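So the chains spell out like this:
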Amino acid sequence: GGSSHIIMSALMKNKKKFQYVASEISDELRDETYKNVKEICDDGPRMIGDITKNLPRIPQRIDFLMIDTDHDLETTKWIVENIFPHVQKGALLSIHDWAVEEIDGNLVGKAEFGKGGWDETNYYIDLIREKKWPFKKVYWTWKNPAWFLMGSNWESGFWEKI
């Protein structure tokens, strides 16, 4: 629940009205995330199980979406088809484990042969290359000098819905 409590804390600190929904397949991790976030924020996100089995519980309007999945292709395609349409124009998308950079206009991942390393990342890269990606780049952290200063490798990508 580390990312969840940071995101929820920022929303609360900035007095943003929000509905925070978090998906977690594992019962144990779901309970732990809720407990940890509630302890830090005095409130917890509305927790649902497997997102692919809970579409009716997803808000119709999403203004911020963070994706941190198991990186499998099936779930990734499901999210693109079923969740992306709920993401509003101007909304922010964050993808964890986005180890990709742009070199001379080409997308290059950290894995062998410039792939993204995960099926999820490779699928997103293909959508971007095919101009089917409904977002514009805001900021990518992989190989960004700032993460060297922090002493860790934060691999995240941030986009805005167009």
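Residues numbered from 1 in each chain as written. Predicted model: local features only at pLDDT ≥ 70, side-chain atom pairs only at ≥ 80, totals over all residues. Heavy atoms only, no water.

A word on the sheet that holds strand E7 (residues 135-140)
- Taken in spatial order, the four strands of this open sheet run E3-E4-E8-E7, and their pairing is mixed. Strands at the two margins of the open sheet, each flanked by one partner only, are strand E3 (62-67) and E7. Strand-to-strand, the axes of this sheet are offset by a mean angle of 20 degrees, without reference to chain direction.
- Of the strand pairs in this sheet, E3 and strand E4 (residues 87-96) are connected by five bridges, and their pairing is parallel. Pairing of Leu65 across the sheet is with Leu93, part of E4. (Pairing = 2+ DSSP bridges. Helix = DSSP H or I, 4+ residues; strand = E, 2+ residues; numbered from the N terminus. Axes fitted to C-alpha atoms, helices over the stretch in contact; angles between N-to-C directions.)

Some remarks on the packing of helix H3 (residues 73-82) against helix H4 (residues 119-129)
- Running from N to C, H3 and H4 cross one another at 40 degrees; their axes reach a closest spacing of 8 Å. Our classification of the angle between H3 and H4 gives oblique. Here the hand of the crossing between H3 and H4 comes out right-handed. Counting all contacts with H3, which are made through Leu73, Thr76, Lys77 and Val80, the residues of H4 involved are Asp119, Glu120, Tyr123, Tyr124 and Leu127.
- Class assignment for the residues of the contact of H3 with H4 results in five nonpolar, one polar and three charged. (Parallel < 35°, antiparallel > 145°, perpendicular 65-115°, else oblique. Left-handed = near helix turned anticlockwise from the far one by under 90°. Contact = heavy atoms within 4.5 Å. Nonpolar A, V, L, I, M, F, W, Y, C, P; charged D, E, K, R; others polar.)

Here's the deal with a nonpolar patch on the surface
- On the surface, a nonpolar cluster with roughly 320 Å² of combined accessible area is contributed by Phe64, Leu92, Val138 and Tyr139.
- Locating Phe64 in the fold gives a position in strand E3. (Patch = residues over 30% accessible without salt bridge, like charges linked within 9 Å, V, L, I, M, F, W, Y side chains within 5 Å. Areas by Shrake-Rupley, 256 points an atom, 1.4 Å probe, with all protein chains shown as cover. Salt bridge = Lys/Arg side-chain N within 4 Å of Asp/Glu carboxyl O.)

Examining the pairing of strand E5 (residues 100-103)
- Both E5 and strand E6 (residues 106-109) contribute to a ladder of four bridges, which runs antiparallel. Following the sheet pairing, Glu101 is matched in E6 by Val108.

What to know about the packing of aromatic side chains
- Tallied over the entire structure, the rule returns 10 aromatic pairs.
- Aromatic pair Trp98 and Trp140: ring centres 5.4 Å apart, planes at 70 degrees, arrangement edge-to-face. Linking Trp98 in the loop between E4 and E5 with Trp140 in strand E7, this pair joins segments that are 42 residues apart in sequence. Trp140 matches Trp98 in its accessibility class, with the two residues each being buried. (Phe/Tyr/Trp six-rings, centres within 6.5 Å; stacked < 30°, edge-to-face > 60°. Buried < 20%, exposed > 50% of the residue type's maximum accessible area, 1.4 Å probe, protein only.)

What about the pattern of salt bridges?
- Under the defined criterion, the tally for this structure stands at seven salt bridges.
- Here Glu102 and Lys137 are joined by a salt bridge, their closest N and O atoms 3.2 Å apart. On the criterion of sequence distance, the pair formed by Glu102 in strand E5 and Lys137 in strand E7 is long-range, its members being 35 residues apart.
- Notably, a salt bridge pairs Glu160 with Lys136, separated by 3.9 Å at the nearest N-O pair. Highlighted residues: Glu160 in strand E8 (residues 156-161) and Lys136 in strand E7, separated in sequence by 24 residues.
- Note on Lys136: relative accessible area 43%, which makes it partly exposed.

Side note on the confidence of the model for the chain
- Considering every residue of the chain, the mean pLDDT works out to 88; 93% of them sit at 70 or more.
- Taking the mean pLDDT of every element in the chain, the minimum, 59, falls on helix H5 (residues 145-150) and the maximum, 97, on H3. (pLDDT = per-residue confidence, 0-100.)

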